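Geometric and topological summary
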Amino acid sequence: MIDHPATKYHPFPAIDLPQRQWPSRHIGQLAQAPIWLSTDLRDGNQALFEPMNVERKMMFFERLVACGFREIEVGFPAASQTDFDTVRRLIEEDRVPEGVTLMVMTPLREDLIERTVAALRGARRAIVHLYNATAPLWREVVFGLSVPEVMDLVDHHVRHLRRLTDAVPETEWVLQYSPETFCMTELPVSLQACRTALDAWDAGPGRPVIINLPTTVEVATPNVFADQIEWMDRHLPRREHVVLSVHPHNDRGTGVACAELALLAGAQRVEGCLFGNGERSGNVDLVTLALNLYTQGVHPGLDLSDLPALVQVAEQCTALPVHPRHPYAGDLVFTAFSGSHQDAIKKGLAAQRPGAPWAVPYLPIDPADIGRSYEGIIRVNSQSGKGGIAYLLERDHGLVMPRRLQVEFSAVVQRHADASEAEVTSAALWQLFSRHYLSPQGAEGAVTLSSWQVQPGPQGGVRVRLSLAMGEQRWAAEGEGADLLQAAAQALAPGLRLGAVSRSSTGRGRATQHWVLVEGAAAGAASTAFGASHDADVERATLQAVLSLACRLGCLARPAEAVEA
Ligand SMILES: CC(=O)SCCNC(=O)CCNC(=O)[C@H](O)C(C)(C)COP(=O)(O)OP(=O)(O)OC[C@H]1O[C@@H](n2cnc3c(N)ncnc32)[C@H](O)[C@@H]1OP(=O)(O)O
Ligand SMILES: CC(C)C(=O)C(=O)O
Ligand SMILES: [Mg+2]
């Protein structure tokens with residue numbers, strides 16, 4: 001990098017647009033979604049290592065149609081036999097549903113325009129997309145053309161197309177004209193090129209034209225593009241016969257912002273690709289744009305309710321992966337690792353009522369709306385806190401942990417995560433919880449409750465007799481108390497003080513599991529801990545929870561007369 005970038009790179013000049021309107025408009029107030037044009041099979045395709053073959057194009061086309069795209073640019077038929085054959089197959093095999101229009105692209109060369117029109121023979125309706133570069137750099141360096149020569153080029157080739165298409169009246173023809181590198185072209189020159197195309201086509205009733213304004217290479221901030229679009233919207237002649245379209249690229253990473261501001265500025269149509277495929281850093285991502293609209297309350301008119309399937313088709317056809325952090329579609333975008341996010345998501349999901357406006361912290365969209373699941377929303381590693389841990393155990397095991405148990409167990413998980421330097425999966429969390437709470441450990445190994453008897457106590461409470469085992473040893477313990485918990489505490493660890501108890505159950509009928517979580521402190525000790533158990537039998541769950549507590553506090557009483565088995 002150089003020390004003084006201003007000597008090499010000049011800022012893009014501001015646009016003189018008195019009383020610009022777009023900044024005071026709001027995307028959520030759009031009367032309707034824009035017309036979408038997918039250029040996956042043309043601009044996306046021309047940016048691939050291996051352009052798609054006919055089969056892949058067909059598969060992609062069908063998925064686009066299923067999503068609700070009504071205008072699809074299927075290729076550059078004069079460029080390759082594959083593209084030509086794709087168009088022919090779509091038409092000859094009647095694969096273009098009613099209401100869907102094919103678009104194809106051609107540069108301004110008579111022979112290429114002729115072959116393009118030939119490819120469309122038999123189409124009900126077709127958009128022919130003509131483009132030529134208009135920006136000074138291209139005029140001077142690439143083509144060596146003056147502005148009048150550029151206009152002659154446009155006029156000549158649009159008229160040529162008109163003659164060819166007028167000869168095929170059974171097809172409904174639409175002209176699309178793009179001043180390529182529009183964003184870098186002087187606005188009056190762009191306007192003149194568009195006017196030339198409109199005049200040459202004689203745009204009017206029954207002769208519609210799409211004027212498509214690309215940021216062929218994105219070179220300015222999105223507000224500049226919005227100004228350019230509003231300027232064109234104000235100045236374009238025959239405006240009522242023109243659909244004003246934009247075609248943002250993403251060189252500065254602001255393709256989506258350009259498209260959104262362009263919509264505020266008067267654009268009616270957007271061209272782009274799924275997941276932002278396309279030349280260099282891509283075309284604008286239509287999925288992000290559509291779902292951005294959706295989350296502002298505007299239905300995009302596309303069906304993205306099975307986004308994972310769409311990702312799969314796009315990845316298969318383009319051989320390019322969708323980034324795990326890609327908005328809405330990436331594998332990780334509904335996943336929180338960090339503790340405070342997990343905590344807020346967990347609380348938000350619990351507070352979200354069916355049918356109420358969506359308001360879950362850190363989740364701008366309900367994942368279910370786009371075929372994503374809540375699975376994997378919360379994942380645990382060393383950046384996580386108690387909220388995420390509690391969420392996973394509740395989701396996968398019905399364990400509703402009281403706050404103080406969450407705090408206690410999260411310290412166990414934190415030690416484990418720090419040591420392993422890896423994600424702690426839900427299965428690993430369960431193993432940790434089971435080891436620490438559900439498999440009570442005495443001095444010589446695991447302690448198990450073999451059987452028990454419960455009777456009314458002489459003073460009106462409860463009396464229990466427990467049969468216990470640890471390794472080869474067996475013993476019995478008896479206790480009395482106001483309830484089963486107190487009686488078990490007296491039997492297992494005299495002086496054990498019980499605190500908060502929480503109970504919950506999961507499953508139904510014979511599959512019901514009862515959870516019992518009990519906090520307590522050993523006789524004479526201040527620090528507390530939790531014991532936990534779950535069982536189909538609520539009495540067993542209760543007794544085992546106290547056993548778990550006594551073992552965790554290290555105060556399990558074992559009578560001297562414990563017998564060897
Ligand atoms: C911004 C965009 O995405 S524009 C679309 C870009 N897409 C593609 O180019 C994919 C398909 N293209 C192709 O298959 C080929 O480039 C073809 C068939 C169009 C032309 O092939 P070739 O004749 O071999 O030329 P080449 O590929 O070198 O293209 C450059 C030529 O096209 C001319 N050209 C470029 N754009 C245009 C245009 N819009 N109108 C007329 N001519 C053009 C250039 O001036 C150059 O002409 P020259 O050879 O007389 O100097
Ligand atoms: C609209 C066409 C010419 C294009 O792909 C572009 O300019 O990026
Ligand atoms: Mg492009």
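Residues numbered from 1 in each chain as written. Chains lettered and ligands numbered in written order. Predicted model: local features only at pLDDT ≥ 70, side-chain atom pairs only at ≥ 80, totals over all residues. Heavy atoms only, no water.

**Points about the overall build of the chain**
On a plain count of helices and strands, the chain comes out with 17 helices and 16 strands. Against the 2.2 N^0.38 benchmark of 24 Å for 565 residues, the chain shows a C-alpha radius of gyration of 35 Å, more extended than a compact globule. When burial is assessed residue by residue, the chain has 52% of its 565 residues classed as buried. Of the contacts made within the chain by residues no fewer than 6 positions apart, 68% connect residues no fewer than 24 positions apart. (Helix = DSSP H or I, 4+ residues; strand = E, 2+ residues; numbered from the N terminus. Rg over C-alpha atoms; globule rule 2.2 N^0.38 Å. Buried < 20%, exposed > 50% of the residue type's maximum accessible area, 1.4 Å probe, protein only. Contact = heavy atoms within 4.5 Å.)

**Brief notes about the coordination of the magnesium ion (ligand 3)**
Under perfect tetrahedral coordination by four donors, a metal shows angles of 109.5 degrees; under perfect octahedral coordination by six donors, it shows angles of 90 or 180 degrees. Within the first shell, the magnesium ion (ligand 3) binds the protein through Asp 43 (OD), His 247 (NE2) and His 249 (NE2), at distances of 2.0 to 2.2 Å. Coordination of the magnesium ion (ligand 3) draws on donor residues from a single chain, spaced D-x203-H-x1-H in sequence. Each member of the pair, His 247 as well as His 249, is classed as buried. (Donors = N, O, S within 2.8 Å, 3.2 Å for Na, K, Ca; no water.)

**Quick word on the domain arrangement of the chain**
Under the domain assignment used here, the chain contains domain 1 (23-318), domain 2 (339-370), domain 3 (386-437) and domain 4 (447-553). On a C-alpha basis, the centres of domain 2 and domain 3 stand 21 Å from each other. Residue-level contacts link four residues of domain 2 with seven residues of domain 3. Note on domain 2 versus domain 3: buried area summed over both sides is about 400 Å², and carbon and sulfur give 64% of it. On the surface where domain 2 and domain 3 come into contact, there are zero salt bridges. A breakdown of the residues in the side of domain 2 that touches domain 3 according to their chemical character gives one nonpolar, one polar and two charged. (Domains from an automatic or database assignment. Buried area = accessible area lost by both parts, 1.4 Å probe. Salt bridge = Lys/Arg side-chain N within 4 Å of Asp/Glu carboxyl O. Nonpolar A, V, L, I, M, F, W, Y, C, P; charged D, E, K, R; others polar.)

**Details of the pairing of strand E11 (residues 462-470)**
As defined by bridge partners, strand E10 (residues 445-456) adjoins E11 across nine bridges and the pair is classed as antiparallel. Paired with Gln 455 across the strands is Arg 463, a residue of E11. Here E10 folds back onto E11 in antiparallel fashion, the turn holding five residues, of which Gly 460 has a positive phi close to 100°. As paired elements, E11 and strand E12 (residues 473-481) share nine bridges and run antiparallel to each other. (Pairing = 2+ DSSP bridges.)

**Quick word on the pairing of strand E13 (residues 497-506)**
Where E13 and strand E14 (residues 513-521) come together, eight bridges link them in antiparallel fashion. Across the sheet, residue Ser 504 finds its bridge partner in E14, namely Trp 515. Joining the antiparallel neighbours E13 and E14 is a turn of six residues, in which Gly 507 adopts a positive phi near 80°.

**Topic: the site of ligand 2**
In the vicinity of ligand 2, the contacting residues are Arg 42, Asp 43, Met 105, His 129, Tyr 131, Ser 178, Glu 180, Asn 212, Pro 214, Thr 216, His 247 and His 249. A distance of 3.0 Å is found between an oxygen atom of ligand 2 and a side-chain nitrogen or oxygen belonging to Arg 42. One of the side-chain nitrogen or oxygen atoms of His 249 is found 3.0 Å away from an oxygen atom of ligand 2. If ligand 2 stood free it would expose 260 Å²; the protein chains cover 95% of that surface. When contributions to the shell around ligand 2 are tallied by element, the ones reaching two or more residues are helix H1 (40-44), strand E4 (125-133), strand E5 (172-180) and strand E6 (209-215). By residue class, the composition of the shell around ligand 2 is three nonpolar, six polar and three charged. (Near = heavy atom within 4 Å. Polar contact = N/O pair within 3.5 Å; in protein donor to acceptor, adjacent residues only side chain to side chain. Areas by Shrake-Rupley, 256 points an atom, 1.4 Å probe, with all protein chains shown as cover.)

**Quick look at the nonpolar core**
In terms of nonpolar packing, the biggest core is built from 133 residues, with Phe 61, Ile 211, Ile 229, Phe 275, Leu 307, Phe 409 and Phe 433 touching the most fellow members. Counting residues per element, this core draws most heavily on helix H7 (residues 187-201), at nine residues. Once you skip the residues sitting within four places of it in the chain, Phe 433 turns out to touch Leu 393, Leu 399, Met 401, Leu 405, Phe 409, Leu 438, Trp 515 and Ala 532. Core analysis: the second largest hydrophobic core is formed by 30 residues, Val 447, Trp 475, Leu 498 and Leu 543 among them. (Core = buried A, V, L, I, M, F, W, Y, C linked by side-chain atoms within 4.5 Å.)

**Here we look at the packing of aromatic side chains**
Using the criterion set out here, one finds eight aromatic pairs in the structure. With a centroid separation of 6.1 Å and an interplanar angle of 85°, the aromatic rings of Trp 430 and Trp 515 are classed as edge-to-face. Here Trp 515 lies in strand E14 and Trp 430 lies in helix H15 (residues 426-438), a separation of 85 residues in the sequence. Their ring planes at 20° and their centres at 4.6 Å tell us that Phe 433 and Tyr 437 sit as a pair that is stacked. Placement of the pair is Phe 433 and Tyr 437 together in helix H15, with a separation of four residues, close to one helical turn. By the ring-pair criterion, three or more aromatic residues cluster together here, those being Phe 409, Trp 430, Phe 433, Tyr 437 and Trp 515. In this structure, Arg 115 is placed above the aromatic ring of Phe 84, and the distance from its NZ or CZ to the ring centre is 3.8 Å. In this structure, Arg 207 is placed above the aromatic ring of Trp 201, and the distance from its NZ or CZ to the ring centre is 4.6 Å. (Phe/Tyr/Trp six-rings, centres within 6.5 Å; stacked < 30°, edge-to-face > 60°. Lys NZ or Arg CZ within 6 Å of the ring centre and 35° of its normal.)

**A short note on the packing of helix H3 (residues 81-92) against helix H4 (residues 110-119)**
Geometrically, a packed helix pair is captured by the angle between its two axes and the distance between the axes. It is at 9 Å that the axes of H3 and H4 come closest, and there the two elements cross at 30°. With respect to their mutual orientation, H3 and H4 come out roughly parallel. Contacts between H3 and H4 involve Gln 81, Phe 84, Val 87, Arg 88 and Ile 91 from the first element and Arg 115, Ala 118 and Ala 119 from the second. For the contact of H3 with H4, the class distribution of residues is five nonpolar, one polar and two charged. (Axes fitted to C-alpha atoms, helices over the stretch in contact; angles between N-to-C directions. Parallel < 35°, antiparallel > 145°, perpendicular 65-115°, else oblique.)

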